[in-house]
Amino acid sequence: MTVTDIEKKTKLITGKDGKPLEVILPYSIYRHLIELERSMEIFNRRETQESIKRAKEDVKHGRVKTFSDVKDALKWLDK
């Protein structure tokens, strides 16, 4: 969903002075925005950022394992 899509489906409620006060959104857009915010909260956690940094270092130094399919990956995890 693009910003333009959201803007098209949004109703803006203004006060007497013409300044925006509230927004009315379709429920589907509201749920989409809540999920986006939840994802951003997880992404911005310190431990998530540290994990991403470690993963980038692992890739940089060749500490990675590739698998031909999910079954092979699961077998490796079970070892």
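Residues numbered from 1 in each chain as written. Predicted model: local features only at pLDDT ≥ 70, side-chain atom pairs only at ≥ 80, totals over all residues. Heavy atoms only, no water.

**A short note on the pattern of salt bridges**
Consideration 1: According to the stated counting rule, one finds four salt bridges in the structure shown.
Consideration 2: Here Glu35 makes a salt bridge to Arg31, at a shortest N to O gap of 3.5 Å. One end of the pair is Glu35 and the other is Arg31, both in helix α2 (residues 27-43) and four residues apart, which spans about a single turn.
Consideration 3: Exposure remark for Glu35: the relative accessible area of 37% places this residue in the partly exposed category.
Consideration 4: Glu50 serves as the salt-bridge partner of Arg46, at 3.5 Å between the closest nitrogen and oxygen. Of the two residues, Arg46 and Glu50 both sit in helix α3 (residues 46-60), four residues apart, roughly one turn of that helix.
Consideration 5: When its relative accessible area of 59% is taken as the criterion, Arg46 is described as exposed.
Consideration 6: Owing to a relative accessible area of 36%, Glu50 belongs among the partly exposed residues under this scheme. (Salt bridge = Lys/Arg side-chain N within 4 Å of Asp/Glu carboxyl O. Helix = DSSP H or I, 4+ residues; strand = E, 2+ residues; numbered from the N terminus. Buried < 20%, exposed > 50% of the residue type's maximum accessible area, 1.4 Å probe, protein only.)

**Brief notes about the pairing of strand β2 (residues 20-24)**
Consideration 1: Across the five residues that make up β2, only a small minority, zero, are buried.
Consideration 2: Where strand β1 (residues 11-14) and β2 come together, four bridges link them in antiparallel fashion. Across the sheet, residue Ile13 finds its bridge partner in β2, namely Glu22.
Consideration 3: Connecting the antiparallel pair β1 and β2 is a turn made up of five residues, with Gly18 showing a positive phi of about 85 degrees. (Pairing = 2+ DSSP bridges.)

**A closer look at the packing of aromatic side chains**
Consideration 1: In total, this model carries two aromatic pairs according to the counting rule given.
Consideration 2: Pairing Tyr27 with Tyr30 gives two aromatic rings, centres 5.8 Å apart and planes at 35 degrees, and the pair type is tilted. Residue Tyr27 and its partner Tyr30 are located together in helix α2, separated by three residues, close to a single helical turn.
Consideration 3: Residue Tyr30 is classed as partly exposed on the basis of its relative accessible area, which comes to 40%.
Consideration 4: Each ring, one from Phe67 and one from Trp76, has its centre 5.6 Å from the other, and the planes form 55 degrees; the classification is tilted.
Consideration 5: Taking the relative accessible area as the measure of exposure, Phe67 reaches 32% and is therefore partly exposed.
Consideration 6: Judged by its relative accessible area of 41%, Trp76 falls in the partly exposed class. (Phe/Tyr/Trp six-rings, centres within 6.5 Å; stacked < 30°, edge-to-face > 60°.)

**Overview of the environment of Lys8**
Consideration 1: Mapped onto the elements, Lys8 comes out in helix α1 (residues 3-9).
Consideration 2: For Lys8, a relative accessible area of 67% translates into the label exposed.
Consideration 3: Placed 22 residues apart in sequence, Lys8 and Tyr30 show a C-alpha to C-alpha distance of 14 Å.

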